[in-house]
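What the coordinates show
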Amino acid sequence: MQIKDVRPESFVKQIRCDRCGRLADVSEGEGEYQEFVSIDLKAGYASIFGDGRDVQLDLCQHCLKTALGAWLRVSDADDRRRQLEDRLMQFDPDKHGGEFPTVADFPLREPNNLPPQDRRSLNSPLEHRRRLAQMRRIRRHGMHLFFMPTTRSFRDNRQQQQRSACLDRARQRRQAEFVRRRQASDEQSVDSSSSTGASHHSEE
């Protein structure tokens, strides 16, 4: 039987920004404390900070935007959902081989600046059939990935059998050629011996 007890543990109560000195307390709730960005890493072999050294930094959201705002990529959940939907719309197992499309495939998608009457409606029967066909391709591709190890072993066995049969045929051809040459040499020796005996009889 396990008897449990509670013991105090250390936790981060306050964070101070290393750039501006702003102090945030955990008791503030959904405030500055949750928006702090902390870096805590151990430098590797090729690091400019030195191999095995600890690199730490705490920045508030204001200093993060001031120092790195020009390089930050800010997006919301709707943008990520739209990007995922765009990539799923372009996904074709026969073309991409089980991988999502890359940036090189993005020019193939339908531009967003088309007039409303030229855009495809998601409620049209044609669009439903296209979606259904796409889902069938994905399911067929999933089944192919599921059974791929078995089919690969069958294919390897068939290739091994074909190689063995080819080697057997080559060995049989070599044996037949050896027998044919042996018979030809035997016939040639018999002919030469008979011609020698005939010449001896003529001389006598």
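Check the entry above for the structure.
The text that follows walks through the structure, step by step, so that each part is easy to find. (Residues numbered from 1 in each chain as written. Predicted model: local features only at pLDDT ≥ 70, side-chain atom pairs only at ≥ 80, totals over all residues. Heavy atoms only, no water.)

1. Regarding the pattern of salt bridges
Per the stated rule, a full pass over the model turns up seven salt bridges. Taking the shortest distance from any N to any O, the salt bridge between K13 and D25 comes out at 3.0 Å. One end of the pair, K13, is in the segment before β1 (14–16); the other, D25, is in strand β2 (residues 23–25), and 12 residues separate them in sequence. A residue is classified by how much of its surface remains accessible, and K13, at 45% relative accessible area, is partly exposed. Via salt bridges that share partners, E177, R180 and R181 belong to a single interconnected network. (Salt bridge = Lys/Arg side-chain N within 4 Å of Asp/Glu carboxyl O. Helix = DSSP H or I, 4+ residues; strand = E, 2+ residues; numbered from the N terminus. Buried < 20%, exposed > 50% of the residue type's maximum accessible area, 1.4 Å probe, protein only.)

2. What about the nonpolar core?
Formed by I15, C17, A24, Y33, F36, L59, C60 and C63, the largest nonpolar core amounts to eight residues. The residues touching F36, leaving out its near neighbours within four places in the chain, are I15, R16, C17, R22, A24, L59 and C60. (Core = buried A, V, L, I, M, F, W, Y, C linked by side-chain atoms within 4.5 Å. Contact = heavy atoms within 4.5 Å.)

3. Regarding the side chain of E32
Looking at where E32 falls in the secondary structure, it is placed in the loop between β2 and β3 (37–42). R22 provides the closest opposite charge to the buried, unpaired E32, separated from it by 4.7 Å. A distance of 3.1 Å separates polar atoms of two side chains, one belonging to E32 and the other to Q61. Other than its neighbours up to four places away in sequence, E32 contacts R22, A24, Q61 and H62. (Lys, Arg positive; Asp, Glu negative; His and termini not counted. Polar contact = N/O pair within 3.5 Å; in protein donor to acceptor, adjacent residues only side chain to side chain.)

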